[in-house]
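Remarks on the overall topology
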Amino acid sequence: AYVQLYATPPGAQAVDAHADDRDVFVVQLEGKKSWVVYAEPPVPWPNPDEQAGKAFALPENHAATAPRAVEATLERGDVLYIPRGHVHEASTSDEAS
């Protein structure tokens, strides 16, 4: 099991768009963060060396052209599930998260 915590300042992105080699549960503890989860994983069920945005670069136009499964702003107490292999990214607006 993994646990990661991200504190993101206003107007920032925690990490670039990427996919993980495990399912992810996001729990928003404080502030707000806008999330995009893309619909089609570039590598279904990736191994650690096959993670899009980590092991290999996503196409430059990925954010503009890839179908989106989720576009949501999480607030304190919200939970988001991201299936293994799905590319995702998050950013803050005018407040820290």
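Above this text is the structure in question.
Each value, and the rule that gives it
Residues numbered from 1 in each chain as written. Predicted model: local features only at pLDDT ≥ 70, side-chain atom pairs only at ≥ 80, totals over all residues. Heavy atoms only, no water. Pairing = 2+ DSSP bridges. Helix = DSSP H or I, 4+ residues; strand = E, 2+ residues; numbered from the N terminus. Axes fitted to C-alpha atoms, helices over the stretch in contact; angles between N-to-C directions. Phe/Tyr/Trp six-rings, centres within 6.5 Å; stacked < 30°, edge-to-face > 60°. Buried < 20%, exposed > 50% of the residue type's maximum accessible area, 1.4 Å probe, protein only. 1 Å grid on protein atoms, 1.4 Å probe; cavity = no way out; pocket = protein on both sides within 12 Å on 5 of 7 lines; lining within 4 Å. Points joined across faces, edges and corners; volume = space filled by probe spheres on them. Nonpolar A, V, L, I, M, F, W, Y, C, P; charged D, E, K, R; others polar. Lys, Arg positive; Asp, Glu negative; His and termini not counted. Salt bridge = Lys/Arg side-chain N within 4 Å of Asp/Glu carboxyl O. Polar contact = N/O pair within 3.5 Å; in protein donor to acceptor, adjacent residues only side chain to side chain. Contact = heavy atoms within 4.5 Å.

**Brief notes about the sheet that holds strand β3 (residues 68-75)**
Read from one edge of the open sheet, three strands run β3-β2-β5, paired in antiparallel fashion. Only two strands of the sheet have a single partner each, and these edge strands are β3 and β5 (88-91). Adjacent strand axes in the sheet meet at a mean angle of 15°, parallel and antiparallel pairs treated alike. Two elements, strand β2 (residues 32-38) and β5, share four bridges in a ladder whose sense is antiparallel. In the strand pairing of β5, V36 is matched with E89.

**Focus: the packing of aromatic side chains**
According to the stated counting rule, one finds one aromatic pair in the structure shown. Measuring from ring centre to ring centre gives 5.1 Å for F25 and Y81, while their planes differ by 40°; the resulting arrangement is tilted. One end of the pair, F25, is in strand β1 (residues 24-27); the other, Y81, is in strand β4 (residues 79-82), and 56 residues separate them in sequence. With relative accessibility at 61%, the residue F25 sits in the exposed group.

**Section: the layout of surface pockets**
By volume, the largest pocket is sized at about 760 Å³. Lining the largest pocket we find 28 residues, and of these Q4, Y6, V24, F25 and V26 sit closest to its centre. If you list the elements that add at least two residues to the lining of the largest pocket, you get β1, β2 and β5. Element by element, the count of residues in the lining of the largest pocket is highest for β1, at four residues. Considering only residue class, the lining of the largest pocket consists of 16 nonpolar, five polar and seven charged.

**Structural notes on unusual backbone geometry**
Unlike most non-glycine residues, W45 shows phi in positive territory, near 55°. Examined against the element boundaries, W45 turns out to sit in the loop between β2 and α1 (62-65). Judged by relative accessible area, W45 falls into the exposed class, the value being 62%.

**Topic: the side chain of E89**
Of note, E89 is situated in strand β5. No salt bridge forms around the buried E89; measuring N to O, its nearest opposite-charge neighbour R68 is 5.5 Å away. Only 3.2 Å separates the side chain of E89 from the side chain of Q13, close enough to count as a polar contact. Look past the residues within four positions of E89 in its chain and what remains in contact with it is Q13, A17, S34, W35, V36, Y38 and A63.

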